Amino acid sequence: MGDTHPMLQRFGKRRMQQVLVLAGLLLVFLIIHFATNFRFLTGRNMGIIVSHAVIPTFITWGLIFSFTSGMIDLSIGSIVVLASNFAGILGLKFGYVGLILGGLVAGVLLQALNGFVFLKTKIPPWVAGLGMAMIYESIGAVYSTAAVRSGGMVVSLGSQLRGLGQLPFNVLMLVPGLIAVYILFCRTSIGLNVRAVGSDLRVTKEMGIDPNRAKFLSMLVCGVFIGLGSAINQSYVGQLLPRTGLTTVSTIFQPLTAVLIASSMGAIFNVVIGVVIGTISLSALFNALTLLGVPSGTWQEVVLGMLVIAVTIVSMRGEEGVVK
Amino acid sequence: MGDTHPMLQRFGKRRMQQVLVLAGLLLVFLIIHFATNFRFLTGRNMGIIVSHAVIPTFITWGLIFSFTSGMIDLSIGSIVVLASNFAGILGLKFGYVGLILGGLVAGVLLQALNGFVFLKTKIPPWVAGLGMAMIYESIGAVYSTAAVRSGGMVVSLGSQLRGLGQLPFNVLMLVPGLIAVYILFCRTSIGLNVRAVGSDLRVTKEMGIDPNRAKFLSMLVCGVFIGLGSAINQSYVGQLLPRTGLTTVSTIFQPLTAVLIASSMGAIFNVVIGVVIGTISLSALFNALTLLGVPSGTWQEVVLGMLVIAVTIVSMRGEEGVVK
Amino acid sequence: YKIGFNNALSGVYCLDILENFAVYGAEALGVDLMVVNDEGTIEKSISNVENMIASGVDGIVYFGLSDATFAIVAKMCADARVPLVLYDHLPTPDTLAHLRNNPYFAGAVGEDDYDAGYPIGEFAAATGAKTAVLVTGNRGDTTHEARVKGFTEAFEGAGGKVLDIAWAATGGRAEALKKSEDLLVAYPDVDVVYTTSGEPAVATMEVLQKYADLGIQYYVTDLDPPILEGLQEGKISAANGAHWINSGLAVALLHNFLEGNPIKDANGQAPVFHVPIIVLEAGQYKAYEEQWLNNMPFTPEEIRNLSVKYNPAASAESFETLLANYSVEQRIMDKFEAGIITEEDLERYGF
Amino acid sequence: MTKSFSLSVADVSKSFGPTRAVIDVSLDFRAGEIHGLIGENGSGKSTLLSMIAGIHTRDKGQMFKGGQPYDPVSPAHANEQGVSMVVQELGLVDGLTVAENIFLGKTDQFANRGVINLRKMHRAAEEAFAAWGISQVPLDVFASSLTVEEKKLVELVRALSTDPDVLILDEITAAFSHNNRTALYKLLAKLKAQGKLILFVSHNLPEALQLCDRLTVLKDGEKVDTLDSKGLTEDELKRLMVGREIKETYFYTPAKNENAEPVLVADGITVDGVLHNVSFELRRGEVLGLGGLSDSGIHELGKVLFGLTRADQGQVIFADTGERIDSLRKAINSGIAYVPKDRDTEALMVRATIEDNLCLPSVDAFVGPLGFLSPRKRKKFAGEQLEAFEIKASGIRQAVNQLSGGNRQKVSLASWLSRPNKIIILDSPTRGVDVGITANIYKLIAEVKQQGIGIILISDELPELIGCSDRILIMKNGAVARIFERAEGFSENSIVEVMI
Ligand SMILES: Nc1ncnc2c1ncn2[C@@H]1O[C@H](COP(=O)(O)OP(=O)(O)OP(=O)(O)O)[C@@H](O)[C@H]1O
Ligand SMILES: Nc1ncnc2c1ncn2[C@@H]1O[C@H](COP(=O)(O)OP(=O)(O)OP(=O)(O)O)[C@@H](O)[C@H]1O
Ligand SMILES: [Mg+2]
Ligand SMILES: [Mg+2]
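Here's a quick rundown of the structure. (Residues numbered from 1 in each chain as written. Chains lettered and ligands numbered in written order. Predicted model: local features only at pLDDT ≥ 70, side-chain atom pairs only at ≥ 80, totals over all residues. Heavy atoms only, no water.)

Now for the relation of the copies chain A and chain B. With an axial shift of 0.1 Å and an RMSD of 0.2 Å, the rotation relating chain A to chain B amounts to 180°. In short, the pair behaves as if placed about a two-fold rotation axis. Looking at the rotation axis and the C-alpha trace of chain A, the residue lying nearest is T247(A), at 2.7 Å. A shared binding surface is used by both copies, with 100% of the interface residues of chain A retained as interface residues in chain B. (Least-squares fit on C-alpha atoms with pLDDT ≥ 70 in both. Contact = heavy atoms within 4.5 Å.)

With that settled, consider the interface of chain A and chain D. At the interface, 23 residues of chain A touch 30 residues of chain D. For the pair chain A and chain D, the summed buried surface comes to about 2300 Å²; carbon and sulfur atoms form 61% of the total. On the surface where chain A and chain D come into contact, there are 1 salt bridge. Across the salt bridge formed by E100(D) and R195(A), the nearest N and O atoms sit 3.0 Å from each other. Linking chain A with chain D are 3 residue pairs in polar contact (both at pLDDT 80 or more), by the criterion used here. Of all elements in the fold, only α1 (4–35), α6 (189–199) and α7 (201–206) of chain A reach the threshold of two or more residues within the side of chain A that touches chain D. With 6 residues, the single largest contributor to the side of chain A that touches chain D is α6(A). The residue makeup of the side of chain A that touches chain D, split by class, is 8 nonpolar, 6 polar and 9 charged. (Buried area = accessible area lost by both parts, 1.4 Å probe. Salt bridge = Lys/Arg side-chain N within 4 Å of Asp/Glu carboxyl O. Polar contact = N/O pair within 3.5 Å; in protein donor to acceptor, adjacent residues only side chain to side chain. Helix = DSSP H or I, 4+ residues; strand = E, 2+ residues; numbered from the N terminus. Nonpolar A, V, L, I, M, F, W, Y, C, P; charged D, E, K, R; others polar.)

What follows covers the coordination of the magnesium ion (ligand 4). Any two of four tetrahedral donors ideally make an angle of 109.5 degrees at the metal, while pairs among six octahedral donors ideally make 90 or 180 degrees. All names here are of chain D. Taken together, the protein donors to the magnesium ion (ligand 4) comprise S46 (OG) and Q88 (OE1), at separations of 1.9 to 2.1 Å. Here S46 is found in helix α1 (residues 45–52), whereas its partner Q88 is found in the loop between β6 (83–86) and α3 (98–103), with 42 residues between them in sequence. A residue is classified by how much of its surface remains accessible, and S46, at 22% relative accessible area, is partly exposed. With relative accessibility at 18%, the residue Q88 sits in the buried group. (Donors = N, O, S within 2.8 Å, 3.2 Å for Na, K, Ca; no water. Buried < 20%, exposed > 50% of the residue type's maximum accessible area, 1.4 Å probe, protein only.)

Below, the discussion takes up the interface of chain A and chain B. Bring the parts together and some accessible area is lost; that lost area is often taken as the interface size. Taken residue by residue, the interface counts 43 residues in chain A and 45 residues in chain B. In total, chain A and chain B occlude about 3400 Å² of area from one another, counting both sides; carbon and sulfur atoms represent 87% of this. The three residues of chain A that bury the most area against chain B are W126(A), M134(A) and I309(A), which together make up 18% of that side's buried surface. The tally of links between chain A and chain B comes to 0 salt bridges. Counting every contact that joins chain A to chain B gives 0 residue pairs in polar contact (both at pLDDT 80 or more). Going through the elements one at a time, α3 (76–121), α4 (125–149), α9 (253–264) and α11 (299–317) of chain A are the ones with two or more residues in the side of chain A that touches chain B. Among the elements that line the side of chain A that touches chain B, the one with the most residues is α11(A), at 11 residues. Looking at the side of chain A that touches chain B, its residues break down into 29 nonpolar, 11 polar and 3 charged.

Here we take up the site of ligand 1. Residues in close proximity to ligand 1 total 18 residues, the closest being D88(C), T143(C), S197(C), G198(C) and D222(C). Residues near ligand 1 are shared among chains A and C, making this a multi-chain site. Between an oxygen atom of ligand 1 and a side-chain N or O atom of H144(C), the distance comes to 3.2 Å. Burial of ligand 1 by the protein chains amounts to 94% of its free accessible area of 580 Å². Secondary-structure elements contributing two or more residues to the shell around ligand 1 are α1 (13–29), α6 (142–157) and α8 (198–210) of chain C. For the shell around ligand 1, the element with the most residues is α6(C), which contributes 3 residues. Per-class residue counts for the shell around ligand 1 are 6 nonpolar, 6 polar and 6 charged. (Near = heavy atom within 4 Å. Areas by Shrake-Rupley, 256 points an atom, 1.4 Å probe, with all protein chains shown as cover.)

So, about the sheet that holds strand β15 (residues 287–292) of chain D. Residues and elements named next belong to chain D. An order of β18-β19-β20-β15-β21-β22 is seen for the 6 strands of this open sheet, with the pairing classed as mixed. Both outer strands of the open sheet, β18 (336–339) and β22 (479–485), are each paired with one neighbouring strand and no more. Here the average twist between neighbouring strands, direction ignored, is 15°. Against the sheet, helix α15 (residues 435–450) touches β15, β19 (423–427) and β20 (454–458), its axis set at about 150° to β20. (Pairing = 2+ DSSP bridges. Axes fitted to C-alpha atoms, helices over the stretch in contact; angles between N-to-C directions.)

Using the criterion set out here, one finds 29 salt bridges over all chains in the structure. A salt bridge links E233(C) to K235(C), with the nearest nitrogen and oxygen atoms 2.9 Å apart. Given the relative accessible area of 46%, E233(C) is considered partly exposed. When the shortest N-O distance is used, the salt bridge between K196(D) and D163(D) registers 2.9 Å. Here K196(D) is found in the loop between α6 (178–193) and β10 (197–201), whereas its partner D163(D) is found in the loop between α5 (148–160) and β9 (166–170), with 33 residues between them in sequence. What makes K196(D) buried here is its relative accessible area of 6%. When salt bridges that share partners are traced, they join D113(C), R147(C) and D222(C) into one network.

What follows is the structure, given as structure tokens:
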């Protein structure tokens with residue numbers, strides 16, 4: 001079986017599909033460009049679109065790991081809030097080093113705690129995630145209330161340390177990020193084990209992989225990227241107010257959509273690159289809808305909701321979706 | 001094998017466990033009663049507790065069906081908003097009949113639509129649920145915008161039709177509800193098929209049960225109870241403002257916790273009764289925490305978050321949890 | 001006394017400030033305040049009231065997310081013989097008429113969100129601006145819908161045009177940043193941007209910084225520290241909203257009722273007090289920061305003066321006088337006269 | 001190469017809750033032998049081997065390897081000490097490629113500072129296939145796209161890739177077609193010559209007798225005896241396994257009417273790439289055997305007949321009504337039953353109880369007067385089936401995943417055979433079933449046939465087909481190669497010739 005000829009064929013086909021997808025995207029962009037009085041494909045607007053996509057990209061990269069190992073975590077929104085604030089606090093003390101370290105430490109620690117809870121308790125992660133989100137939101141609220149009581153507000157960077165979240169640095173961050181994710185996910189035993197566990201727990205176990213270790217590692221890696229995303233986020237927004245009432249859960253929506261887009265193109269692009277295409281397309285979509293005058297708060301959301309559904313349909317076609 | 005002796009024994013044990021659980025609950029209640037200066041176990045406070053539990057109970061009953069068949073639906077919060085408003089609109093026209101029919105029709109139709117989307121598209125329900133929530137929230141926003149444009153607001157019952165949501169009628173609704181759910185879930189082939197599908201999809205299929213039919217039916221039944229809950233809800237709150245930004249997703253939290261409580265006691269109480277115990281315990285918990293002066297919004301949520309996790313741990317012990 | 005108080009959604013800065021002022025007022029009056037969080041849902045706001053009643057509060061100060069909740073809550077209170085004061089969100093005339101039949105309805109203190117948007121719309125139009133885009137909170141949120149409506153009616157009434165509205169939903173500041181930036185790409189020629197809400201306002205302010213070359217006028221309702229800074233630095237043309245004080249006054253109003261001095265308006269009915277919407281000019285930043293945020297705008301003494309327990313002459317008039325003089329200048333001068341702030345401070349504040 | 005080692009277990013026991021799976025078993029294995037384990041379903045073979053392979057931990061007893069205490073805590077740990085196993089269930093991760101599957105957990109050898117070199121890994125995989133003479137499977141496809149047989153081949157390569165001293169194969173031949181079995185025998189002989197120890201489980205007694213040097217018989221978790229296979233007869237073995245004499249294996253009775261009218265007609269069935277223009281008739285009261293090599297399409301054909309797979313062209317007609325069977329619903333409503341081959345993933349709800357599994361296909365029978373289900377009727381029914389099929393379980397409330405492989409198969413059979421059928425499609429019904437039950441199943445087939453029910457028996461075992469069928473349809477590459485009539489006398493040789 002399996003001579004090389006069909007493999008080569010497949011390879012060529014894949015390349016062609018990649019070109020086709022990108023060409024299709026470009027065509028859509030061109031149409032939008034014309035429809036918006038040539039406001040869409042300007043250098044400045046492209047910069048805006050890409051820079052809006054940076055933070056979701058980091059979060060989504062993180063989520064690939066936890067999703068793949070079956071750890072759907074609805075608390076990431078609340079983790080981003082806490083990690084951003086922590087990054088802000090350390091950032092004001094120690095500059096950029098503090099900002100990034102603060103995000104990383106908080107992201108990794110909170111994801112580790114989640115991992116611990118998910119694994120030790122064997123709770124379905126999406127349930128436990130809601131529980132943890134509730135707890136994290138409350139912690140944020142305690143912090144924020146304390147700050148308001150003492151006449152202030154939660155940490156704000158003001159005009160300091162804002163470079164990381166702005167063009168061009170935020171976009172530049174994508175490059176080392178992409179390389180790191182690719183290597184971790186596709187070319188290390190961490191990634192391999194995570195994918196194995198996500199696909200078939202029992203067998204993986206019998207093959208001698210400790211699934212809990214793999215899952216826990218996936219949470220830690222996820223924490224790294226969420227932490228980085230949070231640091232960039234804090235630099236981007238300057239100040240992030242904690243919210244209660246499980247309102248942070250909605251944060252997962254956009255990264256989730258990006259993961260879906262990525263896995264809908266799983267046969268064509270590596271999922272790591274797919275994520276970037278996904279987050280940028282989403283950011284372009286919102287930008288284009290606004291340029292086209294589609295009202296936000298109603299129709300833009302309908303479009304996004306339908307997009308999620310459409311993309312998921314496509315992504316379910318392939319055998320190996322990331323989202324289960 | 002299987003002579004009656006051990007079965008009888010088992011039966012006796014179960015009875016005893018039931019008595020034990022209830023006695024334990026009573027004991028906790030008594031302690032709270034003392035701790036709150038005898039404010040907890042008053043007739044009036046009990047009325048408040050039970051009546052706060054009515055709407056979550058109906059929603060949770062509905063969710064047993066969809067959860068069991070694997071259709072986790074994060075859009076129920078947004079469905080409740082739409083169904084309540086629809087119930088209100090019909091209610092103002094046709095009185096109580098309109099109120100209840102409105103809730104039912106909207107609940108069943110929207111769940112049917114969800115069922116259709118979930119099944120036809122084969123999207124993981126929790127993802128599709130987020131997409132649908134986004135769409136339903138937007139519809140609510142469109143309706144609310146239209147109402148505001150024309151100088152009004154979304155439908156409000158004012159002082160009409162408020163009886164259904166008040167004591168004693170709301171609590172009385174629990175009785176026929178309980179009977180209906182019990183029969184549907186435990187004593188009809190709808191319930192059996194739903195449970196079979198939830199247990200093993202592939203096999204159930206090859207055993208000749210149409211899983212899609214079973215799942216779809218489970219969504220419809222779920223819609224009935226959500227619709228009823230929405231009608232009572234509209235009568236209870238008078239006016240329900242549509243919310244956007246996936247904020248309705250948090251609605252699922254309390255019913256979910258109740259389902260978890262119910263399945264943690266799965267070996268002791270039938271899940272249908274377990275749900276009632278769950279929703280009442282939750283409502284009692286919030287009531288007690290408020291009476292005890294635990295601040296809501298922060299520490300109460302921490303307690304709830306930890307409760308979810310604790311209860312899930314217990315419920316995962318049994319093989320056949322409702323939530324997967 | 002123990003008084004129950006609801007925060008509609010903890011974590012929203014303005015609501016937390018309202019809670020904060022209520023706590024301050026309660027301390028001044030020597031009453032306990034029990035605070036609950038409704039997590040932004042109507043159902044929870046109602047069940048929280050029942051739970052507070054069950055816990056034996058002597059009165060309730062309530063924020064209604066929907067007009068329909070007022071009647072329910074008032075009935076619950078009447079059944080339990082617990083007096084009720086509404087704060088911030090005011091009832092519609094119909095509802096108010098209904099509430100006034102309820103002996104336990106002790107009045108309301110709030111401001112009209114329509115009136116927050118309207119003057120800004122007028123003001124913007126008066127500068128000759130022709131077009132505007134708005135960045136606001138959630139679709140369906142009565143506060144923001146009313147402010148948007150107020151602005152739009154004033155602005156369009158004066159011949160302007162509102163080109164687009166970004167409903168920034170709950171994504172917080174990050175989402176608002178993106179939405180307002182997309183909006184500015186779509187309408188680079190717009191004359192005016194107005195945001196109705198703190199978080200989107202800060203976000204939009206930052207975006208506008210990048211587009212300073214476009215010369216867009218920027219208006220804000222809702223003030224929080226970053227907005228104040230923006231005002232000071234001239235990034236904002238004008239802002240209103242400032243510090244809501246209705247919550248603390250509502251506590252004082254309720255306190256009178258509990259002390260056996262139910263305050264009535266001129267017609268002998270439960271009063272509704274409107275808090276003026278103070279407008280903050282750029283130069284007043286320091287004063288505001290020090291005298292509103294770091295210290296409360298009113299002294300405990302002034303709040304005590306509103307209650308019959310400390311001031312036998314307390315009446316509707318006491319409230320009205322206090323409110324009539326609620327402006328930034330007046331407050332500062334009052335504090336100066338009371339010896340709380342020095343002449344030096346006055347100079348620093350630019351008076 | 002021949003290290004001096006031997007493996008032994010002493011007084012090893014293992015219980016799962018109340019089930020005592022292995023009781024005080026002591027065994028000495030020699031390097032350079034093929035040692036067979038045989039015994040009825042649930043006799044503890046897999047459990048014993050899993051303990052040796054580090055999958056399960058034992059409750060008591062000791063193990064030694066090369067004279068040293070041997071105490072594997074995990075399969076990986078066992079691997080390190082030269083023991084690897086191909087488990088009875090499917091053992092590949094669907095979401096990884098074939099190459100990744102082979103080296104999962106052992107990728108460090110291809111890694112440079114933690115980053116895996118894919119090219120190196122593929123080359124190593126190719127070399128492994130070639131070195132062991134196993135037919136190569138494409139390396140960069142997901143395991144999910146492989147057939148069961150291919151998966152088993154990959155598992156075998158994976159087990160061999162650690163170059164073990166002890167290779168454990170639990171019912172691997174059950175999944176293999178004729179050609180791969182032959183290749184496997186060759187490979188095992190080679191390994192044996194290298195001084196390796198092979199532990200081999202099979203229900204195919206002739207195979208075990210021929211291949212193994214010694215055989216250990218287990219019964220109810222206990223060791224009955226260890227014997228040299230030379231001079232041993234099948235009948236003796238059976239007696240040891242079952243504890244009684246099994247005289248007849250097949251219970252063939254001729255079909256009542258050779259030219260009975262058809263009950264099911266397959267007309268030009270084509271499934272792209274799998275089946276080509278397959279036509280035949282199934283007659284009332286006959287057993288039609290379907291045989292062929294691994295990729296002949298017999299199992300897919302079964303699915304098409306039951307409406308599980310849709311044919312791209314052609315049709316299946318239920319003769320009584322002339323209705324076209326193109327969906328599962330129609331198949332079931334017409335009284336067609338189907339017992340799939342892959343019991344764990346296709347036939348059983350493994351997490352549900354025996355009762356639920358047994359009752360589900362017959363749900364309509366438990367509906368009470370008001371349309372509600374009667375729990376009493378269900379319980380009674382399940383209890384009866386448990387007895388009739390001699391399912392070894394603690395009761396009807398036991399979860400199926402706590403049963404041994406063969407007992408699971410019985411549950412699967414019972415759930416279908418207990419309802420009123422007109423046509424029964426059995427795909428490998430005796431796969432992994434012990435001789436006693438196998439005989440029962442054959443008897444059952446013969447009885448059912450007498451009621452005029454048409455039976456399609458799909459099987460990889462030629463003797464089984466020959467022993468039970470009235471006609472045998474042999475398929476090759478997705479097409480009908482030939483239909484043998486019993487009248488002409490079946491001969492294994494002539495059939496194999498057509499197959500290959
Ligand atoms: N300053 C305010 N005065 C009165 N009500 C307010 C105020 N701010 C928020 N609310 C109410 O709080 C609820 C939640 O507000 P929302 O989620 O829109 O916060 P936001 O958009 O961040 O607004 P803000 O900037 O005012 O904090 C809304 O129902 C709204 O009615
Ligand atoms: N994970 C488990 N949990 C509970 N009981 C088990 C488990 N695995 C096996 N058993 C029980 O242990 C006994 C031995 O099972 P085992 O799988 O070793 O039998 P076997 O000889 O391999 O049978 P077969 O030939 O059917 O594969 C059986 O009674 C089975 O029900
Ligand atoms: Mg606001
Ligand atoms: Mg076995």
